[in-house]
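Residues per chain are reported as follows:
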Amino acid sequence: MSATGVEYGLKGVVKELLSYKAGIVGIGLLALLLAISVYAIIAIPYEEAIRMWRGQEAMWIDNPRTAAPEWIEVFVGKRLPRTMRFDSRLQQTGVSKSVIEIPATDMKKVVITCRFRFDYDELPSEFNVFLFSNFTGSAPYVRVVLRKPSGEEVEVIRYVVRVPDDRIYVSISSAVLSNLLSQYTAKYPVNVSDRVTQLKLLFGRVTPASLESGEFEVEKGDYTITIEATLFSRSDDLDARVVIYGTVHGVAGTDHLRRPLEIALLWGTPIALAFGLTASLVTTFLQMLIAVISGWYGGWVDSAIQRVTELYMVIPFLPFLILISTFYKIDIWVLLAVIIVLSIFGGGIKSTRALVMQLKEYPYIEAARAYGASSFRIITLYIIPKILPPVVPGLIGAVPGYVFLEAALSLLGLGDPFLPTWGKVISDAADNGALYRGLYYWVLEPSLMLMLTAFAFASLGFALDKIVNPRLREL
């Protein structure tokens, strides 16, 4: 029992904690973060998460680049396009492939047709055609045609396949734009705006006014893409995958490398909790031990520990850490070890030592000395259990600081470049001008997770502090 009449046992602390709103909020948020962590570990094993996050753009080529999360439709009030994929190698609804042998020759024609409905309020973000062929002699000759809902047929491009795995970047191809403009300017002889793009001509309603202004209304309805390939050997074959990229993707959106951000948001949770809790727990425990040794033994031991502590307190912690991270490019766990080493002789030693100095004078400590108890027994059985409850609020309250420290180092480009952490997501967003480009979700989502973590531990620490510090009970 403490001097304030509050029971400092674990059961008593938990009971007291649940009697405060801040404690309930803190426990609730912490339970949510733990649930996210468990889900992330089960749903995406660590090795798989690292492989997916390091997968670069080639792994995620079928995802749209910097696409907002799908729920953003609620705020913009529009139906935003999703990504559509059509692969002739798979049995998909709306996709067909036919092979026509050309009589009296060794040639044949492959016709791949993709039918889909496009009824979104905005244009797609990209349009790519991936070609897979096994030609050994002359390269296949490909013609891509788009049939619009109005029945109008537009030749997208004529193309000679260069390699077995080839691709046509329709939405950025100058050849496609030139081909489309030649067709439409022959039909509508007007001055074409510089704002006209391949996607506007393919998925917009083309009129003389839209060509001049560059403003196109989305043409909704049923589209058909036909890929006609002429193969110069009957042993050759060709397949195609057509990807029409949306402007929204999944629950968290994608980054500049087309990676789904939910990977980093999910796995950032256990990494942040492990990093913050480990750093805070180890640092607090070591500081408490050093403070107890300093306060209990006194003399030259106390004097030496206090001088080292004062030296540590004047060392510029963050610049020193940045210096180490810059020179050695350490990973997150080595960074954690460096932070612990730099924090061992922190200011917490001073306050805990003062508490130990008071406890040394208590009668039951004198009694323990009188019956011959060793210093180890007195420290472990009588002193540490008494100073532990007041130390715990500081331990909990320090966790967000370490989580933010890791995020800040990542934002400065000094964190672990390969781990999917919240700080790395914010760093990538800053490097790619997310805020300037209006990609607010890219910054807000990891920032929200950081704030939730900070609020959870701050609420919990505040409630614990009120339990062990009676002066805060009136707040």
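Let me sum up the structure you'll find in this document. (Residues numbered from 1 in each chain as written. Predicted model: local features only at pLDDT ≥ 70, side-chain atom pairs only at ≥ 80, totals over all residues. Heavy atoms only, no water.)

Considering the overall build of the protein
For the protein, the helix and strand inventory stands at 17 helices and nine strands. Here the C-alpha atoms of the protein give a radius of gyration of 33 Å, more than 25% beyond the 23 Å that 2.2 N^0.38 yields for 475 residues. Viewed in the frame of its principal axes, the protein has a C-alpha envelope of about 110 × 50 × 40 Å. A buried classification covers 50% of the 475 residues belonging to the protein. (Helix = DSSP H or I, 4+ residues; strand = E, 2+ residues; numbered from the N terminus. Rg over C-alpha atoms; globule rule 2.2 N^0.38 Å. Buried < 20%, exposed > 50% of the residue type's maximum accessible area, 1.4 Å probe, protein only.)

Focus on empty space enclosed by the protein
Evaluated as defined, the whole model comprises one cavity of 30 Å³ or more. Considering only enclosed or pocket space, the largest cavity measures out at about 40 Å³ in volume. Looking at the lining of the largest cavity, the elements with two or more residues in it are helix H9 (261-297), helix H15 (375-411) and helix H16 (422-431). (1 Å grid on protein atoms, 1.4 Å probe; cavity = no way out; pocket = protein on both sides within 12 Å on 5 of 7 lines; lining within 4 Å. Points joined across faces, edges and corners; volume = space filled by probe spheres on them.)

Some words on the sheet that holds strand E4 (residues 126-133)
The sheet built from four strands is open, its strands ordered E1-E9-E4-E7 with antiparallel pairing. The sheet is open, and its two edges are formed by strand E1 (84-87) and strand E7 (165-169), each paired on a single side. The mean inter-strand angle of the sheet, taken between neighbouring strand axes irrespective of direction, is 15 degrees. Across eight bridges, the pairing between E4 and strand E9 (residues 238-245) is antiparallel. Counterpart to Phe-130 in the pairing with E9 is Arg-241. (Pairing = 2+ DSSP bridges. Axes fitted to C-alpha atoms, helices over the stretch in contact; angles between N-to-C directions.)

Points about the packing of aromatic side chains
Between two aromatic rings, the relevant description is the distance of the centres plus the angle of the planes. Per the stated rule, a full pass over the model turns up 12 aromatic pairs. Ring centres of Tyr-46 and Trp-267 lie 5.5 Å apart, and the angle between their planes is 65 degrees; on these two criteria the pair is classed as edge-to-face. Of the two residues, Tyr-46 sits in helix H3 (residues 46-53) while Trp-267 sits in helix H9, which places them 221 residues apart along the sequence. Of the residues examined, Tyr-46 reaches a relative accessible area of 35% and is grouped as partly exposed. Trp-267 gets classed as buried once you look at its relative accessible area, which sits at 8%. On the numbers, 5.3 Å between centres and 75 degrees between planes, the contact of Phe-118 with Tyr-120 is edge-to-face. Neither residue differs from the other here; Phe-118 and Tyr-120 are each classed as buried. (Phe/Tyr/Trp six-rings, centres within 6.5 Å; stacked < 30°, edge-to-face > 60°.)

Re the environment of Ile-41
Looking at where Ile-41 falls in the secondary structure, it is placed in helix H2 (residues 21-43). Along the primary structure Ile-41 and Leu-266 are separated by 225 residues, whereas in three dimensions their C-alpha atoms are 8.7 Å apart. Among residues more than four places away in sequence, those in contact with Ile-41 are Trp-267 and Pro-270. (Contact = heavy atoms within 4.5 Å.)

Some points on the layout of surface pockets
A volume near 270 Å³ is recorded for the second largest pocket. Lining the second largest pocket are Ile-36, Trp-71, Ile-72, Val-251, Leu-265, Leu-266, Tyr-440, Tyr-441, Leu-444, Glu-445, Leu-448 and Met-449. With six residues, helix H17 (residues 440-468) is the single largest residue contributor to the lining of the second largest pocket. Here the lining of the second largest pocket is built from residues that sort into 11 nonpolar, no polar and one charged. (Nonpolar A, V, L, I, M, F, W, Y, C, P; charged D, E, K, R; others polar.)

Description of the packing of H9 against H17
Between two packed helices, what matters for the description is the angle formed by their axes and the separation of those axes. Across the interface, H9 lies against H17 with an axial gap of 11 Å and an inter-helix angle of 30 degrees. Comparing their axes, H17 and H9 come out roughly parallel. Considering the relative orientation of H9 and H17, their crossing is right-handed. In contact with Leu-261, Leu-265, Thr-269, Leu-273 and Leu-277 of H9, H17 contributes Tyr-441, Trp-442, Glu-445, Pro-446, Met-449, Thr-453 and Phe-457. Here the residues of the contact of H9 with H17 are counted per class, giving nine nonpolar, two polar and one charged. (Parallel < 35°, antiparallel > 145°, perpendicular 65-115°, else oblique. Left-handed = near helix turned anticlockwise from the far one by under 90°.)

Observations concerning the environment of Gly-346
Take Gly-346: it is sitting in the loop between helix H12 (332-343) and helix H13 (348-359). Take Gly-346: its relative accessible area is 15%, and that puts it in the buried class. Each C-alpha atom, one on Gly-346 and one on Val-308, is 9.6 Å from the other, the two residues being 38 residues apart in sequence. In contact with Gly-346, other than residues within four places in its own chain, are Gln-287 and Thr-309.

Digging into a nonpolar patch on the surface
Judged by side-chain polarity, Leu-311, Val-314, Ile-315, Phe-320, Leu-323, Phe-327 and Tyr-328 come together as a nonpolar surface patch covering roughly 770 Å² of accessible area. Of all the elements in the fold, those that place two or more residues in the nonpolar patch are helix H10 (299-314) and helix H11 (317-328). For the nonpolar patch, the leading source of residues is H11, giving four residues. Along the chain, Tyr-328 turns up in helix H11. (Patch = residues over 30% accessible without salt bridge, like charges linked within 9 Å, V, L, I, M, F, W, Y side chains within 5 Å. Areas by Shrake-Rupley, 256 points an atom, 1.4 Å probe, with all protein chains shown as cover. Salt bridge = Lys/Arg side-chain N within 4 Å of Asp/Glu carboxyl O.)

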